[in-house]
Amino acid sequence: MNNSDNIKINDDIVRNDFVDIGNNNIACNQEIMSKDWGFQKLYQTFKSGKNETNQYNMTFIQSEDWLLIYSDGLSISFVTDLKESFFSTEVVGYYAIRIQDSGVNSLGAGGMFTFNQTLNTYYKAAYILTFTISTTMANFEMDLNFNGVQYKEISPSQNTFDRTPYEFYIEPTDLTTPTTSFELSITYFPQESIPIVYVENFRLIRVPEEQTEVVYVSNQGSDITGLGTMDQPFSSIQQAIQFVLVYSSTQIILAPGFYCGMGNSYIDASSVGNLQIISQDKSNKSIISGEGQLVQVEFISVMEIGDANNITFESLVFVNSSTRIGGQSIGIDGNCSLRFIGCEFKDHFGDSVISINYLQYAIFYNTTFQRHRQYAIRSIGVFSEYSLLIENCIFNCINSLNLLNIPEVLINNSTFTYDPNENTDTGQCPILLDMVKGLDIQYTTISTAICVYRTVVSAAFLSFHSQPSNIFTQSSFLALNTITTITDSYFTHNGNVSSSLSAFEGSLEIKDTIFNKTFSFSSIQVEGVQINFRNLTFIFESNALLCSSSDGNLHEINVVDTDSLMILTKSTLTILDSTFHGNVNPNEIVKSTLTTINCVFLSGLFTYFEIITSTYHDYNSRFQQNFHGIFSTDGPTNITLTSSIFSYNSGNSLIVLNELAMAIINNCTFNQNYGSDVGGIIQMQGLSSVNVTSSLFFNNSGISGGVAYVGPSASLYLNNVTAANNQAYKNGGVVCLDSSSGSITINGGYFFNNMAQLGSFIYYYGNSMNIHNSSYGTDQTIVLGQVFMEVNTDILSVVESGGYYQINITFVNNKKHPVSDYRFDKTKKLFFSLGSVVMFSTDFPKDAYLVMTPFQLIGTIGSKQTLYISSDASTVTSYKIQFAFQSCNIGYYPNEQNTLCIPCPYSTVGTDGSTCELCPQNAECFGATNIVGLDGYWIDYNNSLTDVYQCPSGVCFLNSTAYNTSCAEFSTGVLCAGCIEGYYNCGSGCKKETSINKLVLTTKIITFIVLVVAQQLSSDNSGLVTIALYFLQTLVVISSGIKFSILNLFSGATSSHAGKSDGILSFLNDCIGPYGFYWNHYFVILQPVFLLLILAFIILLEFSLRKTKIIFKIPLVKNIIETSDKEFRNRQFSAFVKVCMNSYGPFATEVLLILFCNQVGSYYLLNANPEVQCSGDQFYKAKTVTCALLVTLAIFPIIIFVLLYRHRHHLNDKDVERKLGVFYSKYVPKLYFWDVTLLLKRLSIVTISLLPFDSRFRSISLVTLGLIFLFIHLKFQPFISDQDNNLETVSLVLLFISCIYLDNGLYEDTEQYILILCIVVFLVAAIKFQSKYLVNEFNKSVLPIIKTIWNKIFTTNSIDGDGDNDENNEYKVVYNTYGDEEEINKDQQFSYDSMRNIVKEVDKKGTFYNFEKKDQSQVSSYSYDDDDDIIDVFGNSISKRKN
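Rules used throughout
- Residues numbered from 1 in each chain as written.
- Predicted model: local features only at pLDDT ≥ 70, side-chain atom pairs only at ≥ 80, totals over all residues.
- Heavy atoms only, no water.
- Helix = DSSP H or I, 4+ residues; strand = E, 2+ residues; numbered from the N terminus.
- Buried < 20%, exposed > 50% of the residue type's maximum accessible area, 1.4 Å probe, protein only.
- Contact = heavy atoms within 4.5 Å.
- Areas by Shrake-Rupley, 256 points an atom, 1.4 Å probe, with all protein chains shown as cover.
- Salt bridge = Lys/Arg side-chain N within 4 Å of Asp/Glu carboxyl O.
- Phe/Tyr/Trp six-rings, centres within 6.5 Å; stacked < 30°, edge-to-face > 60°.
- Pairing = 2+ DSSP bridges.
- Axes fitted to C-alpha atoms, helices over the stretch in contact; angles between N-to-C directions.
- Left-handed = near helix turned anticlockwise from the far one by under 90°.
- Disulfide = S-S within 2.5 Å.
- Polar contact = N/O pair within 3.5 Å; in protein donor to acceptor, adjacent residues only side chain to side chain.
- Core = buried A, V, L, I, M, F, W, Y, C linked by side-chain atoms within 4.5 Å.
- Expected span 1.5 Å × (residues − 1).
- Patch = residues over 30% accessible without salt bridge, like charges linked within 9 Å, V, L, I, M, F, W, Y side chains within 5 Å.
- pLDDT = per-residue confidence, 0-100.

(A) Local environment of the overall build of the protein. The helix and strand tally for the protein stands at 14 helices and 109 strands. By the burial criterion, 52% of the 1443 residues in the protein qualify as buried. Across the protein, the fraction of contacts at a sequence separation of at least 24, relative to all contacts at a separation of at least 6, is 61%. For the protein, the computed accessible surface area is about 63100 Å², with 53% contributed by carbon and sulfur atoms.

Written out as C-alpha cells, the structure reads:
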C-alpha cells in the first residue's frame, strides 16, 4: 500500500479506506444552492494568498464561490473551533471565519466586512437561509441583501459571548431569477471597539411545495433542479429531509456512491417523526464521509415525550468522521428512537464514533465497527424505558461500549475484538457499563474486556479469548458492586492478565463454565463477594480462585493440572463433590474457614493446603497419590478431618503442624502412605496438638515416627487408634517423641507389627508417656531416647580435701521422672573420673536408682577440680560436678603437704585459714576459732574474731564451757544490750512489762506538775532552779550508762537511753508500759509538749478561779497569789519561758541521739542505746523526724538572742522587763544574753556526750568543755546574785570532776558513788549559798500556811498576839547614801544581798538601801508598779518612804 493509502491524525498513521472503494480523488457533489457553505474552498484560497487584492483601503479575496471584502482595520482568519470562552466552541462546518481588529487603525475608526455569492435558485421556490454569528460583543449592524436590495437589517443586540443561529424563510416571490446575488455585510460603528466575530454554517435549503414519503438522493443528483424522485434525485441528504413528510413513515433512499460535504454532514432529522435513511443497493452500500472534519449526523430531538423521533439508518457506511475535539460520527440527544441496521463504521478517530444520550431506545443490528480510537458507542440514559439492543454486531476495535444509567442493555450474538495492529493500552475499559439496571448478554465472543459497575448482569454462552496482555482492566470480565450470573461460558487464552474474571463487592454466580489455559494469574478473583459456583472446570490454570473477604459455596468443581485451586484470605468457603487433579503450588488458606465435603484430591505435586491462622474441615474426602504432603500450617490453625481417607501419598508428611496449630482426626483411614521426612503421617512442631480418635493407620512409613513425629512442646493424643505394619527407618515405628518438651497420651487402641531401629512402637526423648488400656504385641518396644542423671550429692562447690562424700544417682527422663521401666545394657558401665583420671567404675542398677558407697576426695588445698560421671552407653548423658578443694577454715592452717588443715593451738586464734594469731586483750582463746570475751566484753563471730567490744555494764559474761558469751538474765542480742521478748529496757535494765505501769505514769505526771509549779512560782531574779536542773541534766548526759531514775524525774530529763540495772540509783522501774525504744523516744521528744499542756491546764484553772474570785477565798492560797492581773500574766509568761528553757537540754539530747551510731562488728548500733540498730524503717523514720526538728533546736536560741539584742538599750523599760525580764533579770545588764549562752552550752555538751563512750575524742572534749565553761563563769560572774554565782561555780566544778571520772572506764564500778557524792556536795552548797533565800521562801509561802492550819485548830476568830494586821508585812526602804532619808527612784533596780542583809542598788556602785522591818521576813528583789503605787515583792508590799 502506497503512502496515499494512509492519513496522519494526531501523530498516528491510520488507513484511508477511500482507496478501497475506488473513490480516490472524488470531489463532493456541488449541485447545491449555496456552494462551499462550510468555507472549505474559501479557506484554501485564503491560505494560498491568490486572488487577493487591496484597494481603497479594502481587501478583496475572490474564491471560486465567494467574494470576501473587508476594510483595512480588520483582519480575518479561519478556525476549526472558537478560541474565546463561549458556552460551546465546536465549529459547524469545515471552518468559521474569524473577524477581529487588525490594530492598524486608531480605536473607534470603525470598519466593514462583506462576503457574497451568486446563488443557484429555483424559479418561484421558497428557501430557508441559515447562518450562525458568534461574537464577544454584538455592537455591530448586519445587512442581508439579495440582488443589491436590502432584505433584512439586523440591529446590535449588545449581547456578549453570544452564539446566535439566524434562520430566514424566503418567500417564492423574493427570488424571481435563476441566480440570485446574495450579500451579508457587517458594519462596525465609529467610536465603538471592534469585537471578535465568527461567521459559520452558511447554507440555503429549498422548501418544497408539498412533502412526500420517499425521497431519492444521488451523488449525481442536484439540489438546484432535482425533485427528489428516482429520476431527478437530490444531491444532499439534508435537502432531502426538507421534502419528506414530518409525521408519516418516510424514506430517504441513497443511490450507491460517495457522499460528503456540508449537505451530507451535520444531518439534522429532528424535524421528522419517522424516517429511514437507507442504501438503494444493499450490496453496494452508500458511503457517507466526514472527510476527517465533519460530523455525519448531529441533532437534538425536540419531540414531545410521547412523540419521539424514530430514525433508522440502514446499509450505510460511515467513514472518516471529525477528528476534532468532541469529534464523532453520530451525535443524537433527546427523545428519540434509533436503529442502525446493516451499517458499517470505519476510520473514526474523534472522541467517539456514536454518542447517543437520553433516547427511548437504540438498536444496533448486524452493524460493524472498525478502526476507531475511542468508544464505538457512548450512551447515557435518563428515561426509565430506555433500552439498548446490540445483536449480530462486530466491534473490531479495542474500545467498544461506554454505557451509563441505561435501564436495560441486551447484547446477543455479537463479537468484541480488536485489530492486532492497534494500540490496546488505552487506559480505559473496552466495554464499560455503569449503573445499568439490567445487562443480558448471550452468545457473544469477547476478546477485549467487559466492566460492569452497579449493574445486574445475566450472561450466558459467552466466550472470552485472546485478550491483549496490556489491557487496562487486567481482567476479561470485571464486576464491581454488581449482581452477576454467568452460565455456559468459556474462558481461554485471556492473555497475561491478573484474572480472567474479577468481582468486587456484590454477588457472583457461575455455572457450567470452563476455564482452559487462560494464562492469567488467577482464573477468578473475588473480594467482598457472595459466590456460588457450580460445575466449573479449570484446566491448566495458574490459580483457579483468588478469594478475599468473601464467602459462598463451590459445587462439582473439576480442577485438572492447575497450579493451585485457590488463594483464600479472610473468607469462608464450602467445597462439595469436587475433584482436584494435580497441583504444583499450595492452596493458601489465610485467616479463613474452608470446608471440603466428598471431594477427591489426586496427584498433587506440592503441599495441597497451606493453612495460615485459619480453620479447615473435611468430611468424607479422599486424598490419594499426592507427592508432597497434604496440609502445612502456620500460626494458630485448626484442622478437623472426619471420615477422610489418605492412601498412596508420598513425599513430605501428610499433615505438618507448626506453632499453635491443632488437628482433630476422627474415624479416618491412612493406608500405604510414605513420608520422606520425620513423621510418615503427622509432623508436629512448636505448641501444636493432635487428637486422633477411632482411626486406622496401616502400612505407613517415615524417617522417624512411622505415623507421627512429636516435636518440641507438641502434644499427641491417640484414642482407640489401630496402627499396624507401620515402619520408621530410624526411631519410633508408630510415634517418635524426639523432644524434651513434647508429650504423648494413648488411651486404648491396638498396635502390632510396627517396626523401627529403636522403639518399634514408641521412641521417646526425655518425657514420660501416659498409656492406658492399650494393647500392643510383645514385639512392640518403647525406647527412651535419652536418659538423664539426677545426682544427689554432698559434694558442694567447695569441699574439704580428705573428706568422704556420698553420691546417689536417679536415672530420669527430661521431666525428671524416674525411668523405672527402662532396661540398661548390662555390658555398659558408669565411670567416675577426677579430671582425666578414672577413679573407679560401677555397673548400672537394676532399676532407676544407684546408691554409691562414700568415697574419699583428696587434692591440693585451693585447687579447682571436675568430677565426671559418664558411660559407654549412648543413651545415657554424662554429668559433671565442678568443685574446689577449700582453703583451710578460719581457725585452721595447712600441713606441710598442703592437703590437710590443722587447728590452731591454745592461746591462739585462726583468722584467715592460713595463720594463727595470739589471743587479743579482754578475751580468752581455746584454740581453733574458740575465742570468748572476758566478763563485760563481747565478740562478733560473724566479723573479725580479734575485735573485742565492751558490753554495757553487767550484761556480758564469759562461758568457758560453750566457748561463747552469755548474756545476763533477760538480756540478748548484740553486746547483750537487747531484751528478750516481753522485757523492756527503759534505762534501768531489762524488766518485764505486760501492761501500763500506773505507778510510773502517775509518778511522771506528778513530777511534771511539780516541775511546772516550781518554775511557775520561782523568781525570775533567782538562778537556783536553772542551775539545779542544768546540773542534774548534765550528770545524766555524761554518765557512762547508769540510769538514775529518781534524778531523771526531778531534773525533767526523762530519757530513752539504756542503762544498767544493778546500780543503787536504778531500783525504780521507769517503763511506762510494754513499749520499745522508739515509743519512748517519741515520748521524750514530746515531753516539752506535755509540760506545756500541764502549764496550760494550771493557767486555765487559776484564771477561772481568779475570774470567780474563788482563789482569793482559799485560806491556803490567797496569801501567795497576787491580786494584779498584770502580775498574773507576767508570772504565766515567765513560767512558759522557763519550761521551754529547762526542757531544751533533754529535748536536744533526744532529738540528736538518733544521729549518732557506732560500728560494732558487722552491726551499726545507736550510741545512746546499743540495743537499737541504725537501720530499718523505724530508724529512718526517726531520723527523718530528727532532721525536721533540727530547725527547732537551731532557731530557739536564735529567736531569744534576736529579741534580747533588739531591746538591749531598753531593758529597764517596764514593758520590756515585763515581757523579756525572765531571760535577763537574774543576770548583770551587760550579760543580758547569758540564757542563750547556757542553751548553746547545753547543746554542745549533749552533742559531745552522744559520741561513742569509749571514744577518746568524747572524753577529751567533755573535760575540755567542762574546764572552759568553768573558766568562763569565773571570768564573767553573770548572775546578779553572788549566791547564784557561787552555786554555779560549785556545779561547774562538780561537772568538771564528773567529766574526768564518769567518762573513764577505770572508774566504772565506782561511777554511781561519784554521782551520789557530786549530788550531795551540790545540795550542801545550795543550802549554804541559798539558805536565806530558801528560809525566806519558806517563811513567805509555807509558814503562813502552817500558821493558818495551827490557828484553825487551836484558836477561833483571833488575830495574832500583837493584834497586828497585814501592816506587819510592810517593809520600808530608806536611801542611806548621805544619811538623809529620801524617797526611792522608781526607775532604779535593786536586789537583796542576803550575806549583808541589805537591798542593793545595781546601777550605782556603793549605794545601798537600809532595810527596816517589823518582823524577820526578808525579801530578795522587788519591782515598781505604777498602778498600785507600791513596790511588789513576791506578794508582799514595801511601802514608799513618807517625807
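Past the structure itself, the notes keep going.
(B) Seen up close, the side chain of Ser322. Looking at where Ser322 falls in the secondary structure, it is placed in the loop between β22 (316–319) and β23 (330–333). Ser322 sits in the buried class, given a relative accessible area of 3%. Once residues within four sequence positions are removed from consideration, Ser322 is found in contact with Gly292, Gln293, Leu294, Val295, Gly327, Gln328, Phe349 and Gly350.

(C) Representation of the pattern of salt bridges. For the structure shown, the criterion picks out 14 salt bridges. Of the charged contacts, one joins Glu314 and Lys282 as a salt bridge, the two residues approaching to 2.8 Å between their closest N and O atoms. Of this pair, Glu314 sits in strand β21 (residues 309–314) while Lys282 sits in the loop between β18 (274–279) and β19 (286–289), and the two are 32 residues apart along the sequence. Residue Glu314 is classed as buried on the basis of its relative accessible area, which comes to 14%. With a relative accessible area of 49%, Lys282 lands in the partly exposed category. One salt bridge connects Glu344 with Lys346, and the closest N-O pair in it is separated by 3.3 Å. Counted as one network, the salt bridges with shared partners bring together Lys285, Glu344 and Lys346.

(D) The arrangement of the packing of aromatic side chains in detail. One pass over the full model with this rule turns up 68 aromatic pairs. Considering the side-chain rings of Phe601 and Tyr608, the 5.3 Å spacing of their centres and the 75 degrees angle between planes classify their relative orientation as edge-to-face. Each member of the pair, Phe601 as well as Tyr608, is classed as buried. Relative to Tyr729, the ring of Tyr674 has its centre 6.2 Å away and its plane inclined at 75 degrees; by these criteria the two rings are edge-to-face. Here Tyr674 is found in the loop between β61 (669–671) and β62 (682–684), whereas its partner Tyr729 is found in the loop between β69 (727–728) and β70 (735–737), with 55 residues between them in sequence. On the accessibility criterion, Tyr729 (37% relative accessible area) is partly exposed.

(E) Spotlight on the sheet that holds strand β82 (residues 837–843). What the five strands build is an open sheet, ordered β78-β86-β85-β81-β82; its pairing is mixed. Unpaired on one side and paired on the other, β78 (798–799) and β82 mark the two borders of the sheet. Pairing of strand β85 (residues 864–871) with strand β86 (residues 879–885), which is carried by six bridges, proceeds in the antiparallel orientation. Residue Tyr868 lies in a different strand from β86, and its bridge partner there is Lys880.

(F) Summary view of the packing of helix α8 (residues 1125–1152) against helix α10 (residues 1214–1224). Their axes nearest at 9 Å, the elements α8 and α10 cross at an angle of 35 degrees. Judged by the sense of rotation from one axis to the other, the crossing of α8 with α10 is right-handed. From α8, Lys1126, Asn1130, Phe1133, Ser1134, Val1137, Lys1138 and Met1141 reach across to α10, where they touch Arg1218, Lys1219, Val1222 and Phe1223.

(G) Geometry of the state of the cysteines. Going through the model one piece at a time under the given rule, you end up with nine disulfides. At a sulfur-sulfur separation of 1.9 Å, the disulfide partner of Cys967 is Cys976. On the sign convention where negative means left-handed, the S-S torsion of about -75 degrees between Cys967 and Cys976 marks this disulfide as left-handed. Owing to a relative accessible area of 28%, Cys967 belongs among the partly exposed residues under this scheme.

(H) Local environment of the side chain of Glu344. Structurally, Glu344 is set in strand β25 (residues 344–348). Among the polar contacts made by the side chain of Glu344, one reaches the side chain of Lys285 at a distance of 3.3 Å. With near-sequence residues (within four places) excluded, Glu344 lies in contact with Lys285, Leu316, Val317, Phe318 and Thr368.

(I) Geometry of the pairing of strand β41 (residues 499–516). Bridge analysis of strand β39 (residues 475–487) against β41 gives eleven bridges, and the strand direction is parallel. Counterpart to Ala479 in the pairing with β41 is Ala503. Both strand β40 (residues 490–492) and β41 contribute to a ladder of three bridges, which runs parallel. Looking at the pairing, Phe491 lines up with Phe515 of β41. Bridge analysis of β41 against strand β42 (residues 522–527) gives five bridges, and the strand direction is parallel. Paired with Ser499 across the bridge in β42 is Ser522. Bridging between β41 and strand β43 (residues 530–539) involves nine bridges; their strand directions are parallel. Counted as the bridge partner of Ser507 is Gln530 from β43.

(J) Inspection of the sheet that holds strand β6 (residues 74–79) at higher detail. Ordered in space as β6-β7-β14-β9-β12, the five strands form an open sheet in which the pairing is antiparallel. A single partner strand is all that each edge strand has here, and the edge strands are β6 and β12 (162–170). Ignoring which end each strand starts from, the neighbouring axes of this sheet average 25 degrees apart. Summarising the sheet, strand β9 (residues 126–135) and strand β14 (residues 197–207) pair through nine bridges and their orientation is antiparallel. In the sheet register, Ala126 faces β14, and the bridge partner there is Val207. Relative to the sheet, helix α1 (residues 40–48) contacts β6 and β7 (96–101), its axis offset from that of β6 by approximately 125 degrees.

(K) Focus on unusual backbone geometry. A positive phi angle, near 60 degrees, is found at Tyr56, a position not held by glycine. With respect to the helices, strands and loops of the structure, Tyr56 is situated in the loop between β3 (52–55) and β4 (58–62). Judged by relative accessible area, Tyr56 falls into the exposed class, the value being 71%. Although it is not a glycine, Leu975 adopts a positive phi angle of roughly 60 degrees. Within the secondary structure layout, Leu975 lies in the loop between β97 (971–972) and β98 (978–979).

(L) Structural context of the nonpolar core. Counting 164 residues, the largest nonpolar core has Phe364, Ile524, Phe631 and Ile807 as its most contacted members. Beyond its immediate chain neighbours, meaning those up to four positions away, Phe631 contacts Thr607, Phe609, Ile611, Tyr616, Phe623, Ile639, Leu641, Phe646, Leu654, Ile655 and Val656. Ranked by size, the runner-up nonpolar core spans 68 residues in total, among them Tyr1078, Ile1085, Phe1269 and Leu1294.

(M) Molecular detail of helix α11 (residues 1234–1249). The terminal C-alpha atoms of α11, which comprises 16 residues, lie 22 Å apart, in line with the 22 Å expected from a rise of 1.5 Å per residue. All of the buried residues in α11 are Trp1234, Asp1235, Val1236, Leu1238, Leu1239, Lys1241, Arg1242, Ile1245, Val1246, Ile1248 and Ser1249.

(N) Quick look at the environment of Glu924. By the secondary structure assignment, Glu924 is in strand β91 (residues 923–925). Its relative accessible area of 25% is what places Glu924 among the partly exposed residues. Residues Glu924 and Tyr963 lie 39 residues apart in sequence; the distance between their C-alpha atoms is 9.1 Å. Not counting the four nearest positions on each side in its chain, Glu924 is found in contact with Tyr906, Cys919, Asn930, Ile931, Val932, Leu934 and Leu958.

(O) Representation of a nonpolar patch on the surface. Taken together, the side chains of Val1191, Ile1195, Ile1198, Ile1199, Phe1201, Val1202, Leu1203 and Tyr1205 make up a nonpolar region of the molecular surface, amounting to roughly 670 Å² of accessible area. Positionally, Ile1198 belongs in helix α9 (residues 1177–1206).

(P) How the structure looks around the confidence of the model for the protein. Here the protein shows a mean pLDDT of 82. Residues at 70 or above account for 85%. Low pLDDT, under 50, characterises residues 1–24; the predicted model gives this stretch 42 contacts beyond four residues in sequence or across chains.

(Q) Broad picture of the environment of Ser688. The residue Ser688 is located in the loop between β62 and β63 (689–693) in this model. In this structure Ser688 comes out as buried when scored by relative accessible area, which is 2%. C-alpha separation for the pair Ser688 and Gly711, spaced 23 residues apart in sequence, amounts to 8.8 Å. Other than its neighbours up to four places away in sequence, Ser688 contacts Leu657, Asn658, Leu660, Ala661, Ser713, Ala714 and Ser715. Only 2.9 Å separates the side chain of Ser688 from the backbone oxygen of Gln685, close enough to count as a polar contact.

(R) Representation of the environment of Ile252 in the model. The topology assignment puts Ile252 in strand β16 (residues 249–254). When its relative accessible area of 0% is taken as the criterion, Ile252 is described as buried. Spatially, the C-alpha atoms of Ile252 and Gly228 are 9.0 Å apart, while their sequence positions differ by 24 residues. When residues no more than four places from it in sequence are discounted, the contact partners of Ile252 are Val215, Val217, Ile237, Ala240, Ile241, Val244, Leu275, Gln276, Ile277 and Ile278.

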